[in-house]
Each structure stands twice: as structure tokens, then as C-alpha cells.
Amino acid sequence: MRTGPTPDTDRTPPKTVGAVWGLLVLNTLGSTGAKTIVPLPRSLIQMVTMGALVAAFTLALAVNLRLRVRPSAYVFLLTLLLVPSVISSADLGSGFGALFRCARLALFVGTLWLLSRWWDGGVTFVRHHIRMYFAVLGSVAVGLAVSPGAALPDLYGGRLVGALWPLTPPQIGQYAAVVIGLTVLLVLGRRTDKGSAAVVIVPSLVLLALTHTRTATLGLLIGLAAAIGSLVLTSAAARRFFAWAVVGAVVAGVGFASALRAWFLRGQSQEHFTSLTGREKVWDALLAAPRTTSEQLFGMGLGDKSFGGLPIDNSWLAVYHEQGLTGAAIVVAIIVVLAGVALLRPPSLSRACAIFLIGYCAIASYTEAGLGDASPYLLHLAVAASLLAAPAAAPPPATPEAPRRRVPRWAPRSEMT
């Protein structure tokens, strides 16, 4: 396996790389959620998602047969995360499903290693990310148009769900927020025109509003504020956008305070809202559960991110539960390393996009699980890692070989020396 800069001809990723990224996105969509218009057996969905991961690894290997990779602290730390995952899952305390999830995580990380060859600090993977998740949002919009009742079910309080593919409101909110944030930054960096951006941003905003997802909305606002703030000193467009955003926020806060409050509460009582929709009860029970020293260090094994049959909905507690303190320390290192590198980079569009993605994942980690297993959050951070990678050094120009002077056979030997 070769590491380090690759030849100049390898810098432009082949089109297959975009297909690989799309398959990774498909793999992380999950297999549980709302009831779809056409009932899809969970076994079929799992077959499709797992088959997508195998196909992604195979295609990535096909376009990188020489196994050229770039050094990446992010992927290295993900590789280390496999250690507590395997240790905690090997005793089969969580069943054979834990080992299956370990194999899935290993295949996921291996695919990222193969793709790291094309991580050069550019926005190529940002574009792949936007296209793939916008395609997912497109399927949600089609489901809403075909069957509004299935897309806005009473079971979820009238919040938008996936009617064609089983997607929950938090998932749709997450995808919409990431697509909106990255597209806004591309506009500010003049990497796309406003018309094309509006085609992406406007429908994504509508879908985000229909999901009533507070975490995604806060992550979008805070992440964008941090990202645009990193560009304020060097970009006039960022300064103008920031000023207008502040004015718009003040006007919305004054004129639509009651509507915004009703949107955030989603019909819940103040007590239910402050207890994070009952999540705190699950968290307290998880922390109070007795554990052996081994379980504290390495966790209970990879599972479905639940405790006592209820979702954990917190990345840090989910990692502690499944991969122990060791896994939690590695995840902390991932966030700290990426954030530290982003802060040390000079202002640029790539840095701003990375700051947005890191900030969004850090905020969402409080009420969403996913930082310890193959998930969209790890894909978001992989894009951030690709944006923070140093550009590959150009190979030195080849020195043309001086032509050799032909010497006739009849020439004296002294002329030949």
C-alpha cells in the first residue's frame, strides 16, 4: 500500500468515485422508519443497504488497484475505533449482529481509505455530498406529492417522513440542513451560481420546515454562523450575507416570535420540551446501569443504539454504551483533531465548509446517535477531512535527456572519450 502524494494525473477523481460516494450514502440511510406507500420488508432494505456497501468497496478497489492512500488522521482514528468495537463484540454478548456491524464498519472504513487518494482540499466531495443527499430529498418530495397522508402521518405528529424509503423526520432534517449549509457556502465562495443554488436551497428549506426538526435547524444556524464567521475577514460576500442574516433574524424574532415558538414546541408541553422529549430518562437509566470493568472500557458491543428497548439519541452515550470509555476517547479525538486542524488553516472556502460540517456534527451529537458506527455523520466528517487535507505536491518536471552525439566508427578513439 502506497502513501503520500500521488502523480498529477491522479488528482482528478474518476466519475466512479461519485458512484462510490452515492453507494456509501445509500448504505447509511438505515432500514427503519415510517411506513412507506409500498411496504418494503426490512430484510430487503438491509440487503440493499449492505449490498451498496459491498459494491462501494468493490468499485473503490477497482479504481485504486495499486492501493494508493493519503495519510489521514481521521480515517486512522476510525480504524482505531474498530479495536474496542471488536473486543466488546467478540464475546457475542450482543449476539452475532454485533460482529456483523463490526464487519460493516471495517468495510466502511476500508472504502474511505481507498477514497482518501483523492482528498486534496478541494470541494469535489462537497459536490458529491450535495448531489447524493439532494437526490434523497427528491425521493422524499416525490413521496409527499404522491401520498401526503403517508408522508405526514399522525404517528409522527404530522411531521414529514419518507413515504418511498423509510426515513424519519430527524434524518430528513439532517440531510436538508447539510445540503442547505454547504450550498450557501458554495454560493459565497462563487463555486456555483445563485439560480442553481436556489433550486437546491428553497425546496430543502421547505422539507426542513415540514420535519419540525429542532436539532437540524439549530445545527444549520450555528454551523453556518461559525463557517461564515471564518470568512468575514476575507470575503465581502460573506460580510454582506452575515449582515443580512442578522437583520433577518432580528425581524423574524420580533415579528414571528409566537409562530417560531409554536414550531419549536411542536405541540409539546414546556416540561416535555425541557426534558428533550423524554431522552433524559433513558440517559439516566443508561448511566445508572451496573457495568463490569471490561464493559466500562470497551462497552457492550455494537448494537442498534438503544437501551432497554428505547433509542439512546446521544452519540456520546451510545458510544460509551457500545464501545466504552475507549471508544468515547477516540471519538473525542476525532472531533478535536478535525476542529484543531480547521482552526489552524488559513481562511478559505474549504475551511469554511469543514467548520460547518464539524460544527453541525458536534451539535447534533447531543440528541442524535451515529458517531461510533457507519452513519451519515461519519460521512459528513469524512468530507470535512477531505477539505482539510493538504493539496498533493506537484511532481517535479521531468528533465529532458540530452541527445547523445553520434561518433563515426572511423573517428580516432580520442574523439570518443
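Scroll up for the structure.
On a predicted model such as this, the values are computed, not experimentally measured, just so you know.

(A) Examining unusual backbone geometry more closely. One non-glycine residue, His212, adopts positive backbone phi at about 55 degrees. Position of His212 among the secondary structure elements: in the loop between α8 (194-211) and α9 (214-229). Look at His212 and you get partly exposed, because its relative accessible area is 23%. Unusually for a residue other than glycine, Lys305 sits at a positive phi of about 60 degrees.

(B) Quick peek at the layout of surface pockets. In this model, the second largest pocket occupies a volume close to 1100 Å³. The wall of the second largest pocket is formed by 29 residues, among which Leu220, Leu221, Leu224, Phe241 and Ala245 lie closest to the centre. Elements that contribute at least two residues to the lining of the second largest pocket include exactly α7 (169-188), α8, α9, α10 (236-255) and α11 (257-265). Take the lining of the second largest pocket: its biggest share by element is 10 residues, from α10.

(C) Region of the structure containing the packing of α7 against α9. Running from N to C, α7 and α9 cross one another at 20 degrees; their axes reach a closest spacing of 9 Å. Accordingly, the angle class assigned to the pair α7 and α9 is roughly parallel. In this structure, the crossing between α7 and α9 has a hand that is right-handed. Contacts between α7 and α9 involve Gly173, Gln174, Ala177, Ile180, Gly181, Val184, Leu185 and Leu188 from the former and Ala216, Leu220, Leu224, Ala227 and Ile228 from the latter. Its residues assigned to classes, the contact of α7 with α9 shows 10 nonpolar, 3 polar and no charged.

(D) Spatial organisation of the packing of helix α1 (residues 15-27) against helix α4 (residues 96-115). At a closest axis distance of 12 Å, the pairing of α1 and α4 adopts a crossing angle of 155 degrees. Of the possible angle classes, the one that applies to α1 and α4 is roughly antiparallel. Helix-helix and strand crossings are classified by hand; for α1 and α4 the assignment is left-handed. When α1 is examined against α4, the residues Val17, Val20, Trp21, Leu24 and Asn27 are found in contact with a partner set consisting of Arg104, Phe108, Thr111, Leu112 and Leu115. Tallied by class, the residues present in the contact of α1 with α4 amount to 7 nonpolar, 2 polar and 1 charged.

(E) How the structure looks around a positive patch on the surface. A grouping of Arg190, Lys194, Arg239 and Arg240 is seen on the molecular surface, where their side chains present a positively charged patch. Tracing the chain through its elements places Arg240 in helix α10. Here Arg240 falls in the partly exposed class, since its relative accessible area comes to 48%.

(F) Focus on the side chain of Thr217. With respect to the helices, strands and loops of the structure, Thr217 is situated in helix α9. Here Thr213 takes part through its backbone oxygen, which lies 2.8 Å from a polar atom of the side chain of Thr217.

(G) Structural view of the pattern of salt bridges. Inspection of the entire model under this criterion finds 3 salt bridges. For Lys305, the salt bridge identified is with Glu322, shortest N-O distance 3.1 Å. A residue pair is termed long-range when its members are at least 10 positions apart, and Lys305 in the loop between α14 (293-298) and β3 (306-307) and Glu322 in helix α15 (residues 315-344) qualify at 17 residues. Classification of Lys305 as buried rests on a relative accessible area of 16%. Judged by its relative accessible area of 2%, Glu322 is buried. A salt bridge links Lys305 to Asp373; its shortest N-O distance comes to 3.1 Å.

(H) Looking closely at the side chain of Gln174. Following the sequence through the fold, Gln174 ends up in helix α7. Its relative accessible area of 4% is what places Gln174 among the buried residues. Excluding anything up to four places from it in sequence, Gln174 contacts Ala216, Tyr360, Pro376, Tyr377 and His380.

(I) Molecular detail of a nonpolar patch on the surface. Taken together, the side chains of Ile37, Val38, Leu40, Leu44, Met47, Val48, Val142, Val146 and Leu164 define a hydrophobic patch exposed on the protein surface, amounting to about 750 Å² of accessible area. Contributions of two or more residues to the nonpolar patch are made by α2 (42-62) and α5 (124-146). Per-element accounting of the nonpolar patch gives the leading share, 3 residues, to α2. Secondary-structure assignment places Val38 in the loop between α1 and α2. With a relative accessible area of 57%, Val38 lands in the exposed category.

Quick notes on the rules
Residue indices follow the written sequence of each chain, beginning from 1 at its first position. Only residues with pLDDT of at least 70 are given local features in this predicted model, and only at 80 or more are side-chain atom pairs given and counted; all residues enter the totals for whole chains, interfaces and linings. Water and hydrogen atoms play no part in the side-chain values, which are based on all heavy atoms of the structure. Here a helix means four or more residues in a row that DSSP labels H or I, a strand means two or more in a row labelled E, and each is numbered from the N terminus. Only protein chains enter the calculation, and the probe is 1.4 Å; a residue is then buried if its accessible area is under 20% of its type maximum, exposed if over 50%, and partly exposed in between. In this analysis the probe radius is 1.4 Å and the grid spacing 1 Å, with only protein atoms considered; a cavity is a set of points the probe fits into but cannot get out of, a pocket is an open set with protein on both sides within 12 Å along at least five of seven lines, and lining residues have an atom within 4 Å of a point. Grid points are joined across faces, edges and corners, and a volume is the space filled by probe spheres set on the points. Angular values range over 0 to 180 degrees, each being the angle between N-to-C directions of two axes fitted as lines to C-alpha atoms, with helices fitted over their stretch in contact. Here roughly perpendicular refers to angles of 65 to 115 degrees, roughly parallel to angles under 35, roughly antiparallel to angles over 145, and oblique to all remaining angles. What makes a crossing left-handed is the near helix being turned counterclockwise from the far one by less than a right angle; a clockwise turn instead makes it right-handed. Contacts are residue-level and defined by heavy atoms, with any inter-residue pair within 4.5 Å sufficient. Only Asp, Glu, Lys and Arg are considered charged, only Ala, Val, Leu, Ile, Met, Phe, Trp, Tyr, Cys and Pro nonpolar, and every remaining residue, Gly among them, polar. Only residues whose relative accessible area exceeds 30% and that form no salt bridge enter a patch; like-charged residues are grouped when within 9 Å of one another, and nonpolar side chains (Val, Leu, Ile, Met, Phe, Trp, Tyr) when within 5 Å. For the accessible areas, the method is Shrake-Rupley and the probe is 1.4 Å, while residue cover comes only from the protein chains on display. Any carboxyl oxygen of Asp or Glu that lies within 4 Å of a side-chain nitrogen of Lys or Arg is treated as forming a salt bridge with it. Charged residues are defined narrowly, with Lys and Arg counted positive, Asp and Glu counted negative, and His plus the chain ends left uncounted. One atom stands in for each charge, and that atom is NZ of Lys, CZ of Arg, CG of Asp or CD of Glu. Polar contact criterion, stated in full: a pair of N or O atoms within 3.5 Å, where within protein one must be able to donate a hydrogen and the other to accept it, and residues adjacent in sequence count only if both atoms are side-chain atoms.

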